[in-house]
Amino acid sequence: MAWDFETDAEYQQVLDWADDFVRDRVEPLDLVWPHQQFTPLEGKRREAITPLKDEVRQRGLWATHLGPELGGQGYGQLKLALLNEILGRSQWAPIVFGCQAPDTGNAEIIAHYGTDEQKQRYLRPLLDGELFSCYSMTEPHAGADPTLFTTRAVRDGDDWVINGWKFFSSNAATASFLIVMVVTNPDVSAYQGMSMFLVPTDTPGVKIVRNVGLYGERDDEGSHALIHYDNVRVPNEALLGGEGQAFVIAQTRLGGGRIHHAMRTIGLARKALDMMCERALSRETQGSRLSDKQFVQGYIADSYAQLLQFRLMVLYTAWEIDKYNDYKKVRKDIAAVKVVMPTVLHDIAWRAMQVHGALGVTNEMPFLGMVTGAAVMGLADGPTEVHKTTVARQVLRDYEPTDDTWPTEWIPRKREAARARFADYLEAEVGNL
Ligand SMILES: Cc1cc2nc3c(=O)[nH]c(=O)nc-3n(C[C@H](O)[C@H](O)[C@H](O)COP(=O)(O)OP(=O)(O)OC[C@H]3O[C@@H](n4cnc5c(N)ncnc54)[C@H](O)[C@@H]3O)c2cc1C
């Protein structure tokens, strides 16, 4: 029997250290420098944050998603999940631990598909936490269906020239390079006709038209770029993986990205549950504490159960990824996690907000940010509906249709077969009457 839900004592100590460190030293960064995680470190911010990163490195917790050959610890997804659920409490924590999205996914595909030169130029500094990257795939007219993308790269001598528009390219404004998904051969299916390019952000023709902000962010805080690629010329060496490889690469990237978001979401949802419980125990109305009211008990019980289900699902999926070492084999469960994630965060944050009364909906508490975060989880890396169809398709692969008019589990036929099987006994029973 290999099923085991316990963390070994040695790693638990590591997690306990990380938990204290994130609460005491990292969460305050969210309040003094909110929304600035992806702005290159300068001046006082560099002075404050570099020692935190150094401490993480000394503890051996830097970039734990990567193997030792890339400067990480090669923890695997399960250990990473237990760490990430701690980091999920804070916007800054993934940066301080060198494992922030989208850079983790971007690093992963350069590590898998990049040439030695590309790894030297882009991957090394990315892993050192010295620069940021951007994944530029969605287009203004199409996101959920990449086969509709029209941004084109055309060969011109030894170069490629890229033209088109991309939307919601997160962190493009502060990223040093972009990974752009484009059509390189419109005459074959999109699955063979699209490629990825590594494009330095300062390449002539990369025009960031505007940085779109999420609800609640100030106009100058937007970080999701609308980009016009206007005759952007890159050498053939900018191609990531082979020509026509974009879909294969995208699946590698997005599989990892989705499960890492889910790990961090556990931490955020637990933070909301913690706040709900504290408030329920602390506030009195109509003769008793909120925690004595059955409605509120229902909120707590439902939230606890939802979080437990979600956490086990994420840990199980992480375990599967470690076991198979192949995202494709775990596609169904990664998609199922992605489907469940927004609802879990939304429901728990919403109930916690309600239990806090008026204070809950103010900008003095984080709940509406969490609710918006839940909405984002239902879109970023693909909408919930699309992932549901993936789950359903994968589930259906394990089933066969029946030619019969009546389902296999049709009771009259099964009863008849059961009676035939036990006929000797049934006859004896009748005989005894
Ligand atoms: C915070 C955030 C960060 C992001 N970062 C990046 C990034 O860095 N790089 C990047 O390239 N993209 C990024 N995206 C874009 C994201 O990948 C797209 O939003 C997503 O793929 C959906 O595309 P869309 O917004 O164009 O929606 P659409 O494709 O227009 O879909 C809209 C809605 O239509 C419905 N729908 C769509 N397809 C189906 C279907 N097959 N069946 C049933 N219903 C369907 C769903 O309700 C869906 O929400 C980000 C998005 C967010 C919110």
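Residue positions are given per chain, counted from 1 along the sequence in the order it is written. Reporting in this predicted model follows two pLDDT cut-offs: at least 70 for local features of residues, and 80 or more for side-chain atom pairs to be given and counted; totals over whole chains, interfaces and linings ignore these cut-offs and use all residues.

**Brief notes about the nonpolar core**
Then, in step 1: Note on terminology: a nonpolar core is any set of buried Ala, Val, Leu, Ile, Met, Phe, Trp, Tyr and Cys residues joined through C-beta atoms within 7 Å. Field definition: a residue is buried when 20 or more other C-beta atoms are found within 10 Å of its C-beta, exposed when 12 or fewer are, and partly exposed for counts in between, with C-beta atoms placed from the backbone. With 98 residues, the main nonpolar core has Val180, Phe197, Val199, Ala272, Leu345, Ala349 and Ala352 as its most contacted residues.
Then, in step 2: Those residues in contact with Ala272, other than ones at most four positions away along the chain, are Ile348, Ala349, Ala352, Phe367 and Met370. By the convention adopted here, residues are in contact when the distance between their C-beta atoms, placed from the backbone, does not exceed 7 Å.

**Digging into the packing of helix 8 (residues 246-282) against helix 10 (residues 331-355)**
Then, in step 1: Here helix 8 crosses helix 10 at 20°, and the two axes come no closer than 9 Å. Looking at the two axes, helix 8 sits roughly parallel to helix 10. In terms of crossing hand, the pair formed by helix 8 and helix 10 is left-handed.
Then, in step 2: Each residue is assigned to one class: nonpolar for Ala, Val, Leu, Ile, Met, Phe, Trp, Tyr, Cys and Pro, charged for Asp, Glu, Lys and Arg, and polar for all the others, Gly among them. Within the contact of helix 8 with helix 10, the residues separate by chemical class into 18 nonpolar, three polar and four charged. Throughout, an axis means a line fitted to C-alpha atoms (over the contacting stretch in the case of helices), and angles, computed between N-to-C directions, take values from 0 to 180 degrees. Under the DSSP-based scheme used, a helix requires at least four consecutive residues in state H or I and a strand at least two consecutive residues in state E, with every element numbered from the N terminus. Roughly parallel refers to an angle under 35 degrees, roughly antiparallel to one over 145, roughly perpendicular to one between 65 and 115, and oblique to any angle outside these ranges. The crossing is said to be left-handed when, going from far helix to near helix, the turn is anticlockwise and less than a right angle, and right-handed when the turn is clockwise.

**Comments concerning the site of the ligand**
Then, in step 1: For each residue, a C-beta atom is placed from the backbone, and the residue is labelled near a molecule or strand when this atom is within 6 Å of it. Lining the immediate surroundings of the ligand are 20 residues, of which Met137, Gly143, Ala144, Ser170 and Pro383 lie closest.
Then, in step 2: At the level of elements, strand 1 (133-136), strand 3 (159-170) and helix 13 (384-396) are the ones that each hand at least two residues to the shell around the ligand.
Then, in step 3: Considered class by class, the residues forming the shell around the ligand number ten nonpolar, eight polar and two charged.
Then, in step 4: Shared between two domains, the shell around the ligand holds at least three residues of each, these being domain 2 (133-240) and domain 3 (247-397). Domain delimitation follows an automatic or database domain assignment.

**Points about the domain arrangement of the protein**
Then, in step 1: Domain boundaries assigned for the protein yield domain 1 (9-114), domain 2 (133-240) and domain 3 (247-397).
Then, in step 2: Domain 2 puts ten residues into the contact, and the matching count from domain 3 is ten residues.
Then, in step 3: Tallied by class, residues from the side of domain 2 that touches domain 3 come to nine nonpolar, one polar and no charged.

**Structural notes on the UniProt feature "domain: Acyl-CoA oxidase/dehydrogenase middle" (unreviewed entry) in the protein**
Then, in step 1: According to UniProt, the positions carrying the feature "domain: Acyl-CoA oxidase/dehydrogenase middle" (unreviewed entry) are residues 134-221.
Then, in step 2: Between the first and last C-alpha atoms of residues 134-221 the distance is 17 Å; the span itself is 5% helix and 47% strand. UniProt positions are given in the numbering used here, feature names are shortened, and annotations may be inferred rather than shown by experiment.

**Observations regarding the pairing of strand 3**
Then, in step 1: Bridge analysis of strand 2 (residues 152-156) against strand 3 gives five bridges, and the strand direction is antiparallel. For Arg152, the partnering residue across the bridge sits in strand 3 and is Asn163.
Then, in step 2: Count of turn residues in the strand 2/strand 3 antiparallel hairpin: two residues, of which Gly157 carries a positive phi of about 65°.
Then, in step 3: Two strands pair under a simple rule: DSSP has to find at least two bridges between them. For strand 3 and strand 7 (residues 224-235), the ladder comprises nine bridges, and the chain directions are antiparallel. The residue bridging Gly164 from the neighbouring strand is Tyr229, located in strand 7.

**Structural notes on helix 2 (residues 43-58)**
Then, in step 1: Here helix 2 spans 23 Å end to end across 16 residues, near enough to the 22 Å set by a 1.5 Å rise per residue.
Then, in step 2: By the largest-angle criterion, Ile49 marks the main kink of helix 2, which is about 25°, and a proline, Pro51, follows within four residues.
Then, in step 3: A positive phi of about 75° marks Gly60, the residue just after helix 2. In a helix, the anticipated span is given by 1.5 Å times the number of residues less one. The seven residues ending at a residue and the seven starting there each receive a fitted axis; the angle between those axes is the bend at that residue.

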